[in-house]
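So you can see what is in the structure, the chains are spelled out below.
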Amino acid sequence: MTTTPKIDYEKIKGVHKVPLEELYTSGHRTCQGCESATTMRGFIKASGPRTIVTGATGCMYVANTSYLTTPWIVPWMHTQLGAGGASAVGMAAGVRALQRKGKIKQEKINIINFSGDLGAGDMGIGGISGALQSDYDLLIIMYDNESAANTDIQATGLSIYGAQTTFTPPGSKHRIMQRRWKKNVAGMLAVGHPTCKYVATACATFPPTDYLNKTRKALSIGGPTFIHTYDPCPKGWDYHPRYSNELGELGIKCGIYPLYEIVEGNVIYTWDARKSGKGRIPVKEFLQRQGRFEHLIQEDIDYIQKGVDEMWEEWEIPGVAPLKGILKARI
Amino acid sequence: MTVTMEKPKSGMSDGVYEREELLNGCQAVAQGVCLADVDVIAAYPIRPYTEVMDALSKLIADGAFDAEYIIADSEHSQFEIVKHASSVNARAFGGSSGTGWMYGMEALTVTATDRLPPMFVVGNRALDDPGAFGVEHNDAMAVRDLGWLLCWVTTPQEALEHVLIGYRVAEDKNVRMPMALAIDGAFLTHSQHIVKIPSVAAAKKFLPQYDLAERRLHPDNPISVAPQANEDWVMEIRRQNWEAAKRARGVIKEAYKEFNAIFGERYAQPYFDEYMTDDAETVLIGVGTVAAPGRTAVKRLREKGHKVGYVNLRWFRPFPTEELRACLSRFKSVGVVDRDFAHGSPDNCGILMHEIRSCLYPAKNRPAIVNFIGGLGGRDLSIADAQKMFDITAQAAKKDSMDGYITWIGLRE
Amino acid sequence: MIKRVEVQYRGIFQKNLAKKIGSDIVMIASSMGQRAFSNGRYSDAPERNGIPCKYFAFVSPDLSEEELEAECGAKLEIDEANVSVVLDDTMCKGVEPWGWHGVRPINERVVKDGCLVVITKRPHEELLQFIGKKPYNYRLATLDGEASLAGLWVNKDDLTYEHVLGAIAAVEPTIISIEAVEAYLMKKTKDKKRAEAARAAYNSLRQEAKPPRVKTVTPNEGIVWTHEIPVLPKWFEMQEGAVVPAVPRGFQMGPKGQSRNTGFKRGTTKTQRPAVRFDLCTKCTLCWAECPDECFDPTTDGYYDIEYQYCVGCGKCAEVCPVKECIVMVDELQFHDNNSPWEDWKKDPKTYITSLEAKKGTERVNYPVVTGKGVIVTKGEVMPEGKIVPVRKTEEVEV
């Protein structure tokens, strides 16, 4: 077995050790209970003040920054919907050149971009691929609320099968309009970029401090890194904001949201949902807590359950890469 | 005032010029970028501008200058990389042609509205479809309303010099607008001439360090750039861009004064050159390399006693309204050469024609004005074509109304 | 002559409801032979859960469709409101929909003798402790009911929409008459119950109804409105390149210790606020850790104070708190200030606890996971001081 890789980073050992100071602070126009706001709060708290951030168009741009005000304490800049990767590369290259030429002080400046599931997983995936092939120290965070939430909830490539959005409304003729299966972005990017040393999935509030430490690992390991966060969205998923914290947890525990890190090619499960690991609760327990699945019938839920079971029990590397094995016989 | 093309005055000795090299337009731009000590370059291939990036990577590989050189995954990413590099106070450079330039249009728009001053070279090329490599100006023209500096040059020497001049204007704290340096595909990008390359010292003397100052992104300068704005704010933000474009005219004048002081009287006027226009009655005006056949036709027609002249317009944005109005209203008739199209526009004229007609509208004595659409998709605009254009333009002065008259010069019809 | 209606509502929670009300005012007014149209306040989009929003309906017996549109549609905000319907009474504390808008009084647009119709269980006097004074008389109608909150996809059918139509017919019959409302509802739904609900609301707001629910508010009733409207800078006073200063860095332990975005406080987004029994707190950090709006200020003695001006009332802290009755979501209209609860408690724990429990009352009002599926009302319990009863064990996951 390969030895577990070591990353030299300052681990946050427990909730009482989480830094108290906010660098993304109160006064942003996000929804009540917005988990993506917690994702923003978390990554900048983990990275610290010597950081420059870009935010692609999406909820975390529009909701957070109402002109002439901002919740950001660190330098932040908007970037275009599909330019998450390019914005990070541009800044990282600029900083590196200026430091090498002595125009600014030599120091570690974290370069982070956040983009939504639409920005990073669909439109900007080319740019992120370019970024992950570069040799710049940068982190790209895809906050995944499974919809184009800022334009009032349309399906994206990462929406769950069957979900209601304004593009996929249940109708009298077609109950299920969202027939695409959730795109496996973190796995795709890990497999596609052999020199990228760190890809992870995370949820800002579950398990506690896991996301903060994954952010620090990504920023310490060097080179371009990627974190896919699962962000429950009270507006788009149609649940009362009060229950935001448990939606992420349930999504992970039912296996729909694989929670893992890939460190230099080694997969480390944060929540091993295989039967042989921590196992899984039925997907129904997660789906039934959301108004966007209100129209599903048992047949739909069974279909989702089957897909999730296959992901955890038949993939060669469960939850990460949909490769079921090597066939001996020629077909 | 007749001005012949001024050869670079000072010789090698006094350290203003370092050496001469045979360079095409692309390679000359690359030398300019090298002299400007650019920090970040993002590359992506598309004919005919690609050789700029070929030349730059070789210069970096050989240590001629130090820059981050990024091979982007698309023009959209390429331009965004350049924009964000510029936002952290790094001098940044990019470029493209035709449909590649259009692919990154979103990024070009926000670079202007973010008021960042990177430089882009545009190797003018026909837009798709069908795919065609030849020169056409619609690509660079596409940013004309967005708050860009936009300038055409006619020779590799000018191309090199306008990288320096372009950064000088773009980065001025009263301007801070992105600069598009347009060079005609093939006729300039791939035409090799001997170019006098300025010394590093002279370039440094002319072009100060890029400093975004209070708007640079750095942990020691915490700011938020471009928060989401609603209807309470956008009018005011647009007005700032509008004012900057107006201020750019004055800064351009200063830049050429400073340039001429170091490199010798290279440019008699900042915005455009006039050739044998003192007593001219009939004049052609155009942008880019059509200037060579245009001026040569003037020379030959003058020998036959025709009172003709040529105006080579350099700065399309900001448009030199006052100066051009004063210049063109001295003539009986003006022929505007458009190497672009504007389907369905007023009188179906080209873009340059609309701008010049609009510029002349309030002039006291307005010349007759006709339009020529030619050289699209890379077709020649030869001396013969120019003579034919002069002939038609001269007739316009006699006929009572040939206003808005269009000729597709060189078309099989 | 134009009659203008604004429907003030909680973003997303009442988006479909407000739009339905506005649209049907148009249909009913049209059925009476009037010209009418409706639209939402464009800059409220994208709506966020709880944020104050507006939907409009405009009616005219004489103007052409286009002239009505030109007068009322060519603008984003309503000039004045003959009727202003408030679908959640906590909005009476003022509304701040965006940055640099300021906290505006709920009756800002109500015309002289116009009517503010508030869905509430409270008497006029209680609402008027929060509503700003007007320089002229206007009417305040209390339409009996609770705020109807639902999600985007699962709507709540609790007759609120029918009640509001009946209420408008009562206070401004020239816009929609009760007869037209009933006819429309019967034609559209064939469900007598709905027409009856409209009629009942109509009757409840008639002059002769007992108790009288429509009060004429005179200029000396209500409070002096202290929030001023921000003066927006001129184009040359703004930094170029759409740059704005970041929030200055600043942190120290204790109330208001964390620097925050002073340009947009968001406090008017909450329908409920967390009431904290510090004496029951085990300092587990979860409320502070889970708050999406960073409202908890850690204090030197390990407790977590709340900066209520920035709390949007999501309820996550109450949900994650592992101690029974330690954090409970309480109706926002119970509170008259944004004082630091920790300071009040430190000053005088006994008084703090008794006044807090009085505000909490005997019932705990919450919502099911899918908001549109009703309201959960459970029995509250007054815990003796310091009696810590764990509700759930926070799962320790080895990371």
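Residues numbered from 1 in each chain as written. Chains lettered and ligands numbered in written order. Predicted model: local features only at pLDDT ≥ 70, side-chain atom pairs only at ≥ 80, totals over all residues.

Asks: Kindly report on the environment of Val85(C), identifying the contributing residues and their values.
Replies: All names here are of chain C. By secondary structure assignment, the location of Val85 is in strand E4 (residues 81-86). Exposure remark for Val85: the 29 C-beta atoms within 10 Å place this residue in the buried category. A C-alpha to C-alpha distance of 15 Å links Val85 and Asn16, two positions 69 residues apart in sequence. Residue contacts for Val85: discarding those within four places in its chain leaves Val5, Val7, Gln8, Ile21, Val117 and Val164. (Helix = DSSP H or I, 4+ residues; strand = E, 2+ residues; numbered from the N terminus. Buried ≥ 20, exposed ≤ 12 C-beta atoms within 10 Å, placed from the backbone. Contact = placed C-beta atoms within 7 Å.)

Asks: Describe the interface of chain A and chain C, with residues and values.
Replies: If you look at the interface, chain A gives 60 residues, while chain C gives 54 residues. Of all elements in the fold, only helix H1 (35-47), helix H7 (210-221), helix H8 (234-237) and helix H9 (244-253) of chain A reach the threshold of two or more residues within the side of chain A that touches chain C. With 4 residues, the top contributor of residues to the side of chain A that touches chain C is H1(A).

Asks: I'd love a proper account of helix H7 (residues 156-170) of chain B, names of residues and values included.
Replies: With 15 residues, H7(B) ought to run about 21 Å at 1.5 Å a step, and its terminal C-alpha atoms sit 21 Å apart, in line with that. In terms of residue burial, H7(B) counts as a mostly covered element, since 15 of its 15 residues are buried. (Expected span 1.5 Å × (residues − 1).)

Asks: Describe the domain arrangement of chain C, and please don't skip the residues or the numbers.
Replies: How big an interface is tends to be stated in terms of the accessible area lost upon association of its parts. All names here are of chain C. With domains assigned, chain C is organised as domain 1 (3-217) and domain 2 (267-379). Each of domain 1 and domain 2 has a C-alpha centre, and the two are 31 Å apart. Contacts between the two partners involve 21 residues from domain 1 and, on the opposite side, 14 residues from domain 2. Among the residues forming the side of domain 1 that touches domain 2, the class breakdown is 9 nonpolar, 5 polar and 7 charged. (Domains from an automatic or database assignment. Nonpolar A, V, L, I, M, F, W, Y, C, P; charged D, E, K, R; others polar.)

Asks: Describe the packing of helix H11 (residues 321-328) of chain B against helix H12 (residues 351-360) of chain B, listing the residues and the values that go with them.
Replies: All names here are of chain B. Their axes nearest at 9 Å, the elements H11 and H12 cross at an angle of 80°. Judged by the angle between their axes, H11 and H12 are roughly perpendicular. Every residue of H12 that contacts H11 at Thr321, Leu324, Arg325 and Leu328 is listed here: Ile356, Cys359 and Leu360. Broken down by class, the residue content of the contact of H11 with H12 amounts to 5 nonpolar, 1 polar and 1 charged. (Axes fitted to C-alpha atoms, helices over the stretch in contact; angles between N-to-C directions. Parallel < 35°, antiparallel > 145°, perpendicular 65-115°, else oblique.)

Asks: Kindly report on the sheet that holds strand E10 (residues 272-275) of chain B, identifying the contributing residues and their values.
Replies: Residues and elements named next belong to chain B. Pairing in this open sheet of 6 strands is mixed, and the strands run E10-E12-E11-E14-E15-E16 from one edge to the other. Of all strands in the sheet, those bounded by a partner on one side alone are E10 and strand E16 (406-409). Strand-to-strand twist across the sheet, computed as the mean angle between neighbouring axes with direction ignored, equals 20°. By the bridge criterion, 4 bridges tie strand E15 (residues 368-374) to E16 in an arrangement that is parallel. When the sheet's bridge partners are listed, Ile373 is paired in E16 with Trp408. On the sheet, helix H13 (residues 383-398) packs against strand E11 (282-286), strand E12 (308-313), strand E14 (333-338), E15 and E16 and is oriented at approximately 140° with respect to E14. (Pairing = 2+ DSSP bridges.)

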